[in-house]
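Summary of structural features
Take a look at the letters that make up each chain.
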Amino acid sequence: MKNMSRIVYHLARLILALVFIYAGAVKTQDVVAFAGHVAAYQILPYAMNYLVASTLPYVEFLAGILLLLNVRVRPALVTIGGMTLVFMVALTSVLVRDLGIDCGCFDPGGGENVTAGAALLRDVGLMALVVLTWWLRNAGDVGRGTRNETS
Amino acid sequence: MNDLKRICLEACVLIAFGTLFGLTLNYQLVMDAFSGQLAPPQCETEPVAGITNALPLPAMIDEVQQAIAFEGVVVDARSPELYTMGHIDGAVSLPMVEIDAALPAFLEKIAKDRAIVTYCSGFGCPDSFDLGVRLIESGYLNVRVFEGGYPEWRDAGLPVTGESR
């Protein structure tokens, strides 16, 4: 059972790590295009769209790297969980306002064409993975298996 | 509890590191955006549900003056009551709260190729932006939003019309 928990924990951790490393890395390739996607949500003033687009991908990338390396896992999970929660609120507001925009979650260059509803479902799945990883991490011996594992 | 506090603190440090890293790499872009030298970001992808993604550009106060000088149309998106109390000299009233009723007359009167600047009650007010989007959707080609709105115009001592200035 412990072995199964360990496998599920590492699997969930790696999926989250890869998703957020990819999401962050691909957005850093075209910050201005990503700012366009943020602006399409019509939540922030003009300049703030650029500020968010200039910083958010790097936070995603960094949190993903920590998960991949299995260090500071819980702070990384808190960060990723917080971001996912914000994304979910933003996507819900898009659905409520019936904006019909592309979510811009991964590919700022276009070609993704994922509706807000589909993106929201995906975020629910990611949030479930965050909770599962957190729970398994806290439940017992699923980390690196040594006392000096960090967080 | 202390453990949770430490985890949250470390998460904040992680966010700060990521933010700092992003700001360092994109410093010029962010500075340009905040100094108003950048066009508003546009989404270049096709809209999913066929709804336009075009957004109105921002206009600074001197650009509003320029638009007026070159026969542009300044449009007040606030309520008729606020418009009566005071508005930018020469501005046309097109209240966002009555947009469905008022838009047809506006479309008849103002040609689609004329430069339009919308405004409302300043930075906290979304009506000028919403009106800008609506006008673009209605076919206007050159629509800008004066985000400083009536307060910035009035406080700059520029000409206004109305009962209480």
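Below is a short write-up of the structure. Small disclaimer: the values here were computed from a predicted structure and weren't measured.

**Some thoughts on the sheet that holds strand β2 (residues 73-76) of chain B**
Residues and elements named next belong to chain B. The five strands are arranged β1-β6-β5-β2-β4 in an open sheet whose pairing can be described as parallel. Strands at the two margins of the open sheet, each flanked by one partner only, are β1 (57-58) and β4 (92-93). In this structure, β2 lies alongside β4, joined through two bridges in parallel fashion. Within β4, the residue paired with valine 75 across the bridge is valine 92. Contacting β1, β2, β5 (116-119) and β6 (143-146), helix α3 (residues 61-69) crosses the sheet at an angle of about 135° to β6.

**Some points on the packing of helix α1 (residues 2-28) of chain A against helix α5 (residues 116-139) of chain A**
Residue and element names in this part refer to chain A. Packing of α1 against α5 brings their axes to within 9 Å, and their N-to-C directions diverge by 135°. Looking at the two axes, α1 sits oblique to α5. Seen from above, α1 lies across α5 with left-handed handedness. Contacts between α1 and α5 involve Ser5, Val8, Tyr9, Ala12, Arg13, Ile15, Leu16, Val19 and Phe20 from the first element and Leu126, Leu129, Val130, Leu132, Thr133, Leu136 and Arg137 from the second. Partitioning the contact of α1 with α5 into residue classes produces 12 nonpolar, two polar and two charged.

**Thoughts on the state of the cysteines**
Residue and element names in this part refer to chain B. For the coordinates displayed, the defined rule picks out one disulfide over all chains. Here cysteine 120 is linked by a disulfide to cysteine 125, with a sulfur-sulfur distance of 2.1 Å. Taking the torsion about the S-S bond as the criterion, the cysteine 120 to cysteine 125 disulfide, at about -130°, is left-handed. As far as burial versus exposure is concerned, cysteine 120 and cysteine 125 are alike and both buried. Cysteine 8 forms no disulfide, and the closest cysteine sulfur to it belongs to cysteine 12, at a distance of 6.8 Å.

Criteria and thresholds
- Residues numbered from 1 in each chain as written.
- Chains lettered and ligands numbered in written order.
- Predicted model: local features only at pLDDT ≥ 70, side-chain atom pairs only at ≥ 80, totals over all residues.
- Heavy atoms only, no water.
- Pairing = 2+ DSSP bridges.
- Helix = DSSP H or I, 4+ residues; strand = E, 2+ residues; numbered from the N terminus.
- Contact = heavy atoms within 4.5 Å.
- Axes fitted to C-alpha atoms, helices over the stretch in contact; angles between N-to-C directions.
- Parallel < 35°, antiparallel > 145°, perpendicular 65-115°, else oblique.
- Left-handed = near helix turned anticlockwise from the far one by under 90°.
- Nonpolar A, V, L, I, M, F, W, Y, C, P; charged D, E, K, R; others polar.
- Disulfide = S-S within 2.5 Å.
- Buried < 20%, exposed > 50% of the residue type's maximum accessible area, 1.4 Å probe, protein only.

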